[in-house]
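A closer look at the structure
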Amino acid sequence: MSFREKSAWISFVSILVVFGAYFWNANRILQGAVETHRGFVISVGLLAAFVLIEIVLHVTVAMQAPEEALAPKDEREQLIELKATRVAFQVLVVGALAGVAMMHITRSVWVMGQHVLLAIVFAELVKFGVQIRYFRGGV
Amino acid sequence: MGDCAIQNHIRRLRFDHGEMTQQALADEIGVTRQTVNAIELGKYSPSLEVAFRIAAVFGVPLDEVFRYGDRPIDSAGASWRRRTRRA
């Protein structure tokens, strides 16, 4: 498995796990199941954990194949990234439009903010998922 | 690229060149080993530039490395025109 594919897997799984927990926590705040300040601390902690997990895992993988990690992306890897970004952008647009529609459901800026974040996170998840699919199945 | 009609003889050419490894070929043409593997397996059609570089490494003309499958090019073109008309 190439460094880029490993990188896509790392990002896909870490986004899925950490932001899954993040939005579960956000929903608990919304439901009043957790005190707002404590919920905020958990959210910030999860975001910090996400950054840390990404850095540690990427450095670990890069140390196994330093030359590959430092090499610029070749044409196939660039094509995979472009195609995945195109799909993710369409997902992001749908998410953004849904965010606009949210204005008719809630006046809460916090909820709308979480919705926008969900759209961005979901688009990123799609991007890495599509990259993995192209890396494995061919482009 | 599931219906890719481009076939190649890179595996045989590597064998003929002293069992050249995919990594060695990749280093020569400036791509990753995984990309060479994807090209060999028909999972990726390289750019013209990379295709010419591969041919140059083996010292053969391009059409000794790549071949446009068994379908005549005209029928493939007709199939593409049908698809684009539908879209």
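Small disclaimer: the values here were computed from a predicted structure and weren't measured. Each chain has its residues counted from 1, running along the sequence as written. Chains carry letters and ligands carry numbers; both start at the beginning, A for chains and 1 for ligands, and go up in the order they are written. Residue-level local features of this predicted model are given only where pLDDT is at least 70; pairs of side-chain atoms are given and counted only at 80 or more, and the full residue set underlies all totals for whole chains, interfaces and linings. For the side-chain quantities, the full set of heavy atoms in the structure was used; hydrogens and water were omitted.

1. With respect to the pattern of salt bridges
Residues and elements named next belong to chain B.
- Only one rule defines a salt bridge in this text: a Lys or Arg side-chain nitrogen within 4 Å of an Asp or Glu carboxyl oxygen. On inspection of all chains with the given rule, the structure shows 8 salt bridges over all chains.
- The partner of Glu 19 in a salt bridge is Arg 11, and the shortest N-O contact between them spans 3.7 Å.
- Here's how the labels work: a residue is buried when its accessible area is under 20% of the maximum for its type, exposed when over 50%, partly exposed in between, all with a 1.4 Å probe on protein chains only. Judged by its relative accessible area of 40%, Glu 19 falls in the partly exposed class.
- With a shortest N-O distance of 2.6 Å, Glu 40 and Arg 14 are connected by a salt bridge. Of this pair, Glu 40 sits in helix α3 (residues 33-40) while Arg 14 is found in helix α1 (residues 10-16), placing the two residues 26 residues apart along the sequence. Of the two residues examined, Glu 40 and Arg 14, each falls in the buried class. In this description a helix means any DSSP run of H or I spanning at least four residues, a strand means any run of E spanning at least two, and both kinds are numbered starting from the N terminus.

2. Concerning the interface of chain A and chain B
- Only heavy atoms matter for contacts: two residues are in contact if any of them lie within 4.5 Å across the pair. The partner chain B presents 12 residues to the 12 residues of chain A that form the contact.
- Of the roughly 940 Å² buried between chain A and chain B on both sides combined, carbon and sulfur atoms contribute 48%.
- Within 3.5 Å is the distance limit for a polar contact, defined as a pair of N or O atoms, with the added protein rule that one can donate a hydrogen and the other accept it, and that residues adjacent in sequence qualify only through two side-chain atoms. There are 7 residue pairs in polar contact (both at pLDDT 80 or more) connecting chain A and chain B.
- Counting only elements with at least two residues in the side of chain A that touches chain B, the list comes to α4 (75-102) and α5 (109-137) of chain A.
- Ranked by the residues each element gives to the side of chain A that touches chain B, the list is headed by α4(A), at 4 residues.
- In this classification, the charged set is Asp, Glu, Lys and Arg, the nonpolar set is Ala, Val, Leu, Ile, Met, Phe, Trp, Tyr, Cys and Pro, and all remaining amino acids, among them Gly, are polar. A class-by-class count of the residues in the side of chain A that touches chain B yields 3 nonpolar, 3 polar and 6 charged. Computed with a 1.4 Å rolling probe, the buried area is the accessible surface lost when two parts are put together, summed over both parts.

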